[in-house]
Amino acid sequence: QVQLVESGGGLVQAGGSMRLSCAASGRTFSSYNMGWFRQAPGTERDFVAAISWSGSRTSYADSVKGRFTISRDNAKNTVYLQMNILKPEDTAVYYCAADRDNWSRITAAGVMDYWGKGTLVTVSS
């Protein structure tokens, strides 16, 4: 069982930066691939970024490539999402998720095993 708690959301102006954190409970955090997804009102939950259990592999949605960076600190049981050059269309609830062993399908929300409750990011124009 893994429990995930996101933090770091809030209001930021377009062009600004924000870092989200996701703290995980449990001693097996380092064995999970981790992902960030986001959901705007009236839309589906979309893939944003993912990082493999070792940190050696990352994956990004085209819409955030070059602006967002995912990282993890297994010693702290935490995964991060650094978001730069934010745009109003980045406004959404951001969710952290953990996957036991499906890296090849890591962009699909349906394969994730555990989810946090989300943190709201609002980017004003």
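Each remark here, short or long, concerns the structure printed above.
Parameters at a glance
Residues numbered from 1 in each chain as written. Predicted model: local features only at pLDDT ≥ 70, side-chain atom pairs only at ≥ 80, totals over all residues. Heavy atoms only, no water. Pairing = 2+ DSSP bridges. Helix = DSSP H or I, 4+ residues; strand = E, 2+ residues; numbered from the N terminus. Axes fitted to C-alpha atoms, helices over the stretch in contact; angles between N-to-C directions. Disulfide = S-S within 2.5 Å. Buried < 20%, exposed > 50% of the residue type's maximum accessible area, 1.4 Å probe, protein only. Salt bridge = Lys/Arg side-chain N within 4 Å of Asp/Glu carboxyl O.

Asker: Whenever I open this one, the sheet that holds strand β8 (residues 78-83) confuses me. Can you help?
Answerer: Remark on secondary structure: sheet strands pair via backbone hydrogen bonds, oriented parallel or antiparallel. Strand order in the open sheet formed by four strands is β1-β3-β8-β7, and the pairing between neighbours is antiparallel. With one partner strand each, in any of the chains shown, β1 (4-7) and β7 (68-73) form the two edges of the open sheet. Neighbour-to-neighbour, the strand axes of the sheet open up by a mean angle of 15°, direction not taken into account. The pairing of β1 with strand β3 (residues 18-24) spans four bridges and is antiparallel. Of the residues in β3, the one forming a bridge with Val-5 is Ala-23.

Asker: Hey, could you run me through the state of the cysteines in this one?
Answerer: As used in these notes, a disulfide is a covalent bond between sulfur atoms, one from each of two cysteines. Enumeration over the complete set of coordinates arrives at one disulfide. Here Cys-22 is linked by a disulfide to Cys-96, with a sulfur-sulfur distance of 2.1 Å. Here the S-S torsion is close to -80°, and the disulfide linking Cys-22 with Cys-96 is therefore left-handed. Placement of Cys-22 in strand β3 and of Cys-96 in strand β9 (residues 92-99) is noted, with a sequence separation of 74 residues between them. The exposure classification of Cys-22 matches that of Cys-96, with both residues buried.

Asker: Before we go on, may I ask you to explain the pattern of salt bridges in this structure?
Answerer: Think of it this way: side chains of opposite charge can pair up when their charged atoms draw near. As enumerated under the stated definition, the model contains three salt bridges in all. Between Arg-38 and Asp-90 there is a salt bridge; the shortest N-O distance is 2.9 Å. Within this pair, whereas Arg-38 is found in strand β4 (residues 33-39), its partner Asp-90 is found in the loop between β8 and β9, the two being separated by 52 residues in sequence. The exposure classification of Arg-38 matches that of Asp-90, with both residues buried. Between Arg-67 and Asp-90 there is a salt bridge, with the nearest N and O atoms lying 2.8 Å from each other. Placement of the pair is Arg-67 in the loop between β6 (58-60) and β7 and Asp-90 in the loop between β8 and β9, with a sequence separation of 23 residues. Here Arg-67 and Asp-90 have matching classes, each one buried.

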